[in-house]
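Reading the structure
Chain by chain, the residues:
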Amino acid sequence: MQLAAKFETDAMLTIKDLQTPLIGPVDLSLKSGHCAAISGPSGAGKSLLLRAISDLDENTGHVSLDGTTRDALPAPEWRRKVAYVPAESGWWAENVQDHFVETPNLAELLQAAALSNALSWQVSRLSTGERQRLALVRALQLNPDVLLLDEPTSALDPSSVARVEALLKARLEAGCAVLLVSHDPDQPSRLEAHRYYMNSGELFENPAPGAIQ
Amino acid sequence: MSGYQALTYWDLVAASLFLILNAIFSIALNLGLTRTLIISALRMTVQLILVGLILKAIFIAGSIWWTLLAAAVMGAFAGREIWARQERRLIGLWGPGLGAGAMLMAGCLVTFYGLAGQIRPDPVWQPQFALPLFGMILGNTMTGVSLGLDTLHTTLAKGKKDVEAQLLLGKTRWEATRPAARQALRSGFTPIINAMAATGVVSLPGMMTGQILSGVDPQEAVKYQLLIMFLLGGATGLGVLGATFASIWRLTDKRHRLRLDRLSGGKS
């Protein structure tokens, strides 16, 4: 199974000719339990790519998960399976608690993010890093098959980065696929990620070493 | 009851004495309000005298077509007003069309219901009843719809991240826009709710005052006023609900995306 890997038949997330007015066409495939990391200058379209995959912006092309095409699923169901966490998530209520549904894994996830007491807090008093981790917890609650993460650790101190990466590794081991945008040059190797590079809306595999950042 | 006391045009000139005094104060104190004050007073005078003439002509003609034409003109003005009062508008024909459509549907339905069901003039479209009633209903629905849409569009444009965060958690477009819809409905309903709460305590409603001044028994005037308030409340509610949900439908799509590209930008 791992050896036949190169081609998309057993790929979990398959993207072909994904295009919006600003990016693409993009081809990408991501296997269960694998991680891909995209780097590139700001404005290259990295976030737009993630938005297009989660169908938040209008786009054309073919996207499928385990052979099921995206259009065959209602968009809300697709987004629960392919969960996208933007660099800055929205908080629509005053209290942290109102943004979470009670699921059996909630307490455990909050503990793993070192935010066990956060539910009783107010959103306005959260730091950027706390928001970032809570947004990740919120997405992990959905038990998605694929995680699309936009700079998930950009606002975190080193110990929190380690904690989030441990959470992600656990997910990868459980068979989840992770596609992340990262400006941290060492993060891809820590997550054993396949590297991609994005520039002017185009996605390249294996960038030349100098091209990262 | 003493009956109706007719006014002469000289009475009106005399009544404007204090307004003219205000203009003189404004000049003396250099408030810079003189121009606007005089222009709006003159404008109002010309508008009302014209409306009086037109209404009288329509009443005398007693034709359903002239009545409908007058109603259509009122509807067009109110529709334009809804459009003008929004800071961010739907682009294309949806901008003027959606708000006016919701207002007219609610307004026509409720006006017809009130005329045919309760006031029952003969014929039912008799302009003396139809036009003032339609005007009042339209005016209130217009205020509600324009406030509702303005709030909705501003909330969605400024709260894009909040709506999208909910969409990303697998909520539908209706669930994700519920906080914005709630705010829009609240601000659209506020004027009519306030009007109902304050009516009769703070000021006597204009229509009731008019009826009492023209010699109608206060209890009869109150009944009429209540009828009107119920119709106004009903029409405003229907109009605001219709406009808000239609606009949410337009600003999202089948794939449950927020489509702010269908909204024109704000002032900045």
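Structure: see above.
Residues numbered from 1 in each chain as written. Chains lettered and ligands numbered in written order. Predicted model: local features only at pLDDT ≥ 70, side-chain atom pairs only at ≥ 80, totals over all residues. Heavy atoms only, no water.

Let's talk about the overall build of chain A
Scanning chain A from N- to C-terminus turns up 6 helices and 10 strands. In terms of its C-alpha atoms, chain A occupies a principal-axis envelope of roughly 45 × 40 × 35 Å. Sorting the 213 residues of chain A into buried and exposed places 51% on the buried side. Summarising the internal contacts of chain A: among those between residues at least 6 apart in sequence, 67% fall at separations of at least 24. Carbon and sulfur atoms make up 49% of the accessible area of chain A, which amounts to about 10000 Å² in all. (Helix = DSSP H or I, 4+ residues; strand = E, 2+ residues; numbered from the N terminus. Buried < 20%, exposed > 50% of the residue type's maximum accessible area, 1.4 Å probe, protein only. Contact = heavy atoms within 4.5 Å. Areas by Shrake-Rupley, 256 points an atom, 1.4 Å probe, with all protein chains shown as cover.)

A few points about the sheet that holds strand S7 (residues 146-150) of chain A
All names here are of chain A. Reading across the sheet, the 6 strands line up as S6-S7-S8-S3-S9-S10 and stay open at both edges, with mixed pairing between neighbours. Each of the sheet's edge strands pairs with one partner strand only, and the pair in question is strand S6 (82-85) and strand S10 (202-205). Each strand of the sheet is rotated relative to its neighbour by a mean of 20 degrees, with strand direction disregarded. Pairing analysis gives 4 bridges linking strand S3 (residues 35-39) to strand S9 (residues 194-199), with the strands arranged parallel. When the bridges of S9 are listed, Ser-39 appears paired with Tyr-197. In this fold helix H4 (residues 128-140) packs onto S6 and S7, with an angle of close to 170 degrees to the strand it touches most, S6. (Pairing = 2+ DSSP bridges. Axes fitted to C-alpha atoms, helices over the stretch in contact; angles between N-to-C directions.)

Notes on the sheet that holds strand S4 (residues 60-65) of chain A
Residues and elements named next belong to chain A. Taking strand neighbours across the sheet as the criterion, the 4 strands line up as S2-S1-S4-S5 in an open arrangement whose pairing is antiparallel. Each edge of the open sheet carries a strand with a single partner, namely strand S2 (26-30) and strand S5 (68-69). Across 5 bridges, strand S1 (residues 13-19) lies against S4 in antiparallel orientation. Bridge pairing in S4 links Leu-13 to Leu-65. Against the sheet, helix H1 (residues 46-53) engages S1 and S2, with an angle of about 115 degrees to S1.

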